[in-house]
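Topology and contacts: notes
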Amino acid sequence: MKLKIYSYKSVKSTNDTAIRLIKKNIKQGIVISNVQTNGKGQRGKKWISKKGNLFISIFFPISKRLNLKKTTLTNVKIIKNILTNIIPHKINLKLPNDLEIMNKKVCGILQEIIYKDEIKFLIIGVGININSSPKLKEYETTYINKYNNKINRSKMVHFIKNKFENKYSYYA
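Predicted, not measured: the structure shown is a model, and the values here were computed from it.

Considerations on the confidence of the model for the protein chain
- Averaged over all residues, the pLDDT of the protein chain equals 89, while 92% of them reach at least 70.
- By mean pLDDT, strand 4 (residues 46–47) is the weakest element of the protein chain at 64, and helix 1 (residues 14–23) is the strongest at 97.

Next comes the structure, spelled out in structure tokens:
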């Protein structure tokens with residue numbers, strides 16, 4: 001599967017932009033944006049999108065029989081594997097879809113499913129704190145370049161694109 005990148009300066013949400021592209025009959029791709037003004041978190045929470053971090057949504061058609069719980073775990077493992085190869089610290093999964101470094105949230109993943117013309121699409125929204133992290137009362141956060149200052153958004157997009165193209169190539 002080849003994923004074309006759709007790059008924006010600013011969007012409300014990369015997942016919402018992916019939904020608009022699907023509705024325009026674009027079957028698969030990756031949405032990235034420099035700024036996300038209304039990022040989504042799980043259960044209607046807001047994802048705080050600080051400039052310089054990565055906001056990305058991967059979308060493609062899937063089998064109607066695909067198990068969403070297993071797919072969620074697979075997608076979290078893909079991102080965890082990427083981060084494990086970048087950061088010299090253990091990356092932990094905080095169920096159901098967050099990744100942490102030393103008990104501090106560094107990444108959130110939000111999956112959505114939509115149907116268009118009887119085709120089921122999976123949208124995987126990923127927010128990764130690369131250069132900074134928000135200060136939150138609920139939990140501590142961190143960012144990748146606190147541990148490895150050689151990573152930028154372009155490299156991270158490249159890693160994610162390659163992993164998802166390889167993992168889901170059987171859908172192409």
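After that view of the structure, there is still more to cover.
Side note on the side chain of T72
- Note that T72 resides in helix 2 (residues 68–84).
- Within the structure, the side chain of T72 is placed 2.6 Å from the side chain of Q111, a separation counted as a polar contact.
- Those residues in contact with T72 that sit more than four places away from it in its chain are P96 and Q111.

Focus: the sheet that holds strand 6 (residues 91–94)
- A sheet is described by the order of its strands in space; here 7 strands give the open sequence 1-2-5-9-8-7-6, paired in mixed fashion. At either margin of the open sheet sits one strand with a lone partner, and together these are strand 1 (5–11) and strand 6. Taking the axes of each pair of neighbouring strands and ignoring which way they run, one obtains an average angle of 20° across the sheet.
- Lying on the sheet, helix 1 is in contact with strand 1, strand 2 (29–36), strand 5 (54–62), strand 8 (104–116) and strand 9 (119–128); it crosses strand 5 at an angle near 35°.

Quick look at the side chain of N53
- Tracing the backbone through its elements, the reader meets N53 in the loop between strand 4 and strand 5.
- Residue N53 is classed as buried on the basis of its relative accessible area, which comes to 0%.
- A polar contact is formed between the side chain of N53 and the backbone nitrogen of N131, at a distance of 2.8 Å.
- Residues in contact with N53, not counting those within four places in the same chain, are I128, N129, I130, N131, S132 and R153.

Here's the deal with the packing of aromatic side chains
- Scanning all chains against the criterion turns up 0 aromatic pairs.
- In this structure, K94 packs its charged tip against the face of Y139, placed 5.4 Å from the ring centre.

Section: unusual backbone geometry
- Residues L95 and P96 are joined by a peptide bond in cis, for which omega reads 5°.
- Here P96 shows up in the loop between strand 6 and strand 7 (98–101).
- Positive phi is not limited to glycine here, since N25 has a value of about 70°.
- By the element assignment, N25 lies in the loop between helix 1 and strand 2.
- Of note, M102 is a non-glycine position whose phi angle comes to about 50°, a positive value.

Some words on the environment of N103
- Structurally, N103 can be placed in the loop between strand 7 and strand 8.
- Considering only alpha carbons, one finds N103 and T74, 29 residues apart in sequence, at a separation of 21 Å.

A look at the pairing of strand 5
- The buried fraction of strand 5 is high, at 9 of 9 residues.
- Relative to strand 5, strand 2 is paired through 5 bridges, and the arrangement is antiparallel. Bridged to S33 within strand 5 is F55.
- Where strand 5 meets strand 9, 9 bridges bridge the pair, whose relative direction is antiparallel. Its bridge partner being in strand 9, S57 is matched across the sheet by G125.

What counts and what doesn't
- Residues numbered from 1 in each chain as written.
- Predicted model: local features only at pLDDT ≥ 70, side-chain atom pairs only at ≥ 80, totals over all residues.
- Heavy atoms only, no water.
- pLDDT = per-residue confidence, 0-100.
- Helix = DSSP H or I, 4+ residues; strand = E, 2+ residues; numbered from the N terminus.
- Polar contact = N/O pair within 3.5 Å; in protein donor to acceptor, adjacent residues only side chain to side chain.
- Contact = heavy atoms within 4.5 Å.
- Pairing = 2+ DSSP bridges.
- Axes fitted to C-alpha atoms, helices over the stretch in contact; angles between N-to-C directions.
- Buried < 20%, exposed > 50% of the residue type's maximum accessible area, 1.4 Å probe, protein only.
- Phe/Tyr/Trp six-rings, centres within 6.5 Å; stacked < 30°, edge-to-face > 60°.
- Lys NZ or Arg CZ within 6 Å of the ring centre and 35° of its normal.

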